[in-house]
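Residues per chain are reported as follows:
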Amino acid sequence: MADQMQDRAGVAVLVCDPDGPPIATERDALDLVGAAFLGATVVAVPATRLDPSFFTLGTRFAGEVMQKFVNYRLRLAIVGDISTYLERSGALRALVAESNRHDQVWFVPDLAALDDRLRATT
């Protein structure tokens, strides 16, 4: 499956292919932002596509990626199991908890959970 524009809970979402290219640089994140300009307001990125440095907050990669989406007024959903990363980092646990309290960046276990979040905000 290629990245697909989908209507999810009445919201235009760019659902990224789990087997797509890794997101390892700011440029990769900007490519997703550009693809979203075809009409999406949310980009759902499988956690497996994110370079492991995303989950090591000291690299600042997560902050750079998240800021790109905020700057372009797009919501970002990281979709998938990140429990192994959460077990190793209290700072990451805090980031996920704080992000999920707001409306710009969410960490969700699957697309059904994303749909629930979208329904709750529309």
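So, here's what we can say about the structure. Note that the coordinates shown come from a computational prediction; the quantities given were computed from them, not determined experimentally.

**Looking at the overall build of the protein**
Of the regular secondary structure elements, the protein holds five helices and five strands. Taking 2.2 N^0.38 as the reference for a compact globule, 122 residues should give roughly 14 Å; the C-alpha atoms of the protein span a radius of gyration of 13 Å, in line with that estimate. Counting only residues that meet the buried cut, the protein has 40% of its 122 residues in that class. Counting contacts in the protein only where the partners sit at least 6 residues apart, residues at least 24 apart contribute 67% of the total. Counting every atom, the protein has about 6400 Å² of accessible surface; 53% of that belongs to carbon and sulfur. Side chains of the protein give 12 positive and 16 negative charges; the mean places of these two sets differ by 6 Å.

**What to know about the side chain of Arg8**
Summarising the element assignment, Arg8 is placed in strand E1 (residues 4-8). Of the polar contacts made by the side chain of Arg8, one reaches the side chain of Asp115; its length is 2.8 Å.

**Observations concerning the nonpolar core**
Soluble globular proteins: nonpolar side chains tend toward being buried together. Among the nonpolar cores identified, the biggest contains 27 residues, and Val45, Phe54, Phe69 and Leu76 are the most heavily contacted of them. When residues of this core are traced back to their parent elements, those giving at least two are helix H1 (26-36), strand E3 (42-46), helix H2 (61-71), strand E4 (75-79), helix H4 (90-100) and strand E5 (105-108). In this structure Phe69 touches Ala29, Leu32, Val33, Val43, Leu74, Arg75, Leu76 and Gln104, once residues within four positions along its chain are discounted.

**Digging into the sheet that holds strand E2 (residues 11-15)**
Here five strands make up an open sheet; going across it, the order is E1-E2-E3-E4-E5 and the pairing mixed. Of all strands in the sheet, those bounded by a partner on one side alone are E1 and E5. Each strand of the sheet is rotated relative to its neighbour by a mean of 25°, with strand direction disregarded. Two elements, E3 and E4, share five bridges in a ladder whose sense is parallel. By the bridge assignment, Pro46 is partnered in E4 with Val79.

**Side note on the environment of Asp115**
Here Asp115 lies in helix H5 (residues 111-121). The class for Asp115 is buried, based on a relative accessible area of 14%. Separated by 113 residues in the primary sequence, Asp115 and Ala2 place their C-alpha atoms 20 Å from one another. When residues no more than four places from it in sequence are discounted, the contact partners of Asp115 are Arg8 and Ala9.

**Details of the pattern of salt bridges**
Using the criterion set out here, one finds seven salt bridges in the structure. As a salt-bridge pair, Asp103 and Arg75 come within 3.7 Å of each other at their nearest N and O atoms. Note that Asp103 is positioned in the loop between H4 and E5 and Arg75 in strand E4, a separation of 28 residues in sequence.

About the cut-offs
- Every chain's residues receive numbers from 1 upward, in the order its sequence appears when written.
- Local features in this predicted model are restricted to residues whose pLDDT is 70 or higher, and side-chain atom pairs enter the listing and the counts only when it is 80 or higher, whereas totals over whole chains, interfaces and linings include all residues.
- With hydrogens and water excluded, all non-hydrogen atoms of the structure serve as input to the side-chain values.
- Secondary structure elements follow DSSP: runs of H or I of four or more residues count as helices, runs of E of two or more count as strands, with numbering from the N terminus.
- As defined in this context, the radius of gyration uses C-alpha atoms, and a globule is described by 2.2 Å times the residue total to the power 0.38.
- The buried label applies to any residue whose accessible area, calculated with a 1.4 Å probe on protein chains only, is under 20% of its type's maximum; exposed applies above 50%, and partly exposed to all values in between.
- Any two residues having at least one pair of non-hydrogen atoms within 4.5 Å are treated as being in contact.
- All accessibility values rest on the Shrake-Rupley procedure with a 1.4 Å probe; residue burial counts only the protein chains present in the view.
- A positive count includes Lys and Arg, and a negative count includes Asp and Glu. His and the chain ends are not counted in either.
- For charged residues, the charge sits on one atom: NZ in Lys, CZ in Arg, CG in Asp, CD in Glu.
- The term polar contact refers here to a pair of N or O atoms within 3.5 Å; inside protein, the definition further demands a hydrogen-donor-capable atom paired with an acceptor-capable atom, and it admits residues adjacent in sequence only when both atoms are side-chain atoms.
- As used here, the term nonpolar core means buried Ala, Val, Leu, Ile, Met, Phe, Trp, Tyr and Cys residues forming a set that is joined through side-chain atoms within 4.5 Å.
- Two strands make a pair as long as DSSP finds a minimum of two bridges between them.
- Lines are fitted to the C-alpha atoms to define the axes, a helix being fitted only along its stretch in contact, and any angle between axes, read from their N-to-C directions, falls within 0 to 180 degrees.
- For salt bridges, the criterion is a side-chain nitrogen of Lys or Arg within 4 Å of an Asp or Glu carboxyl oxygen.

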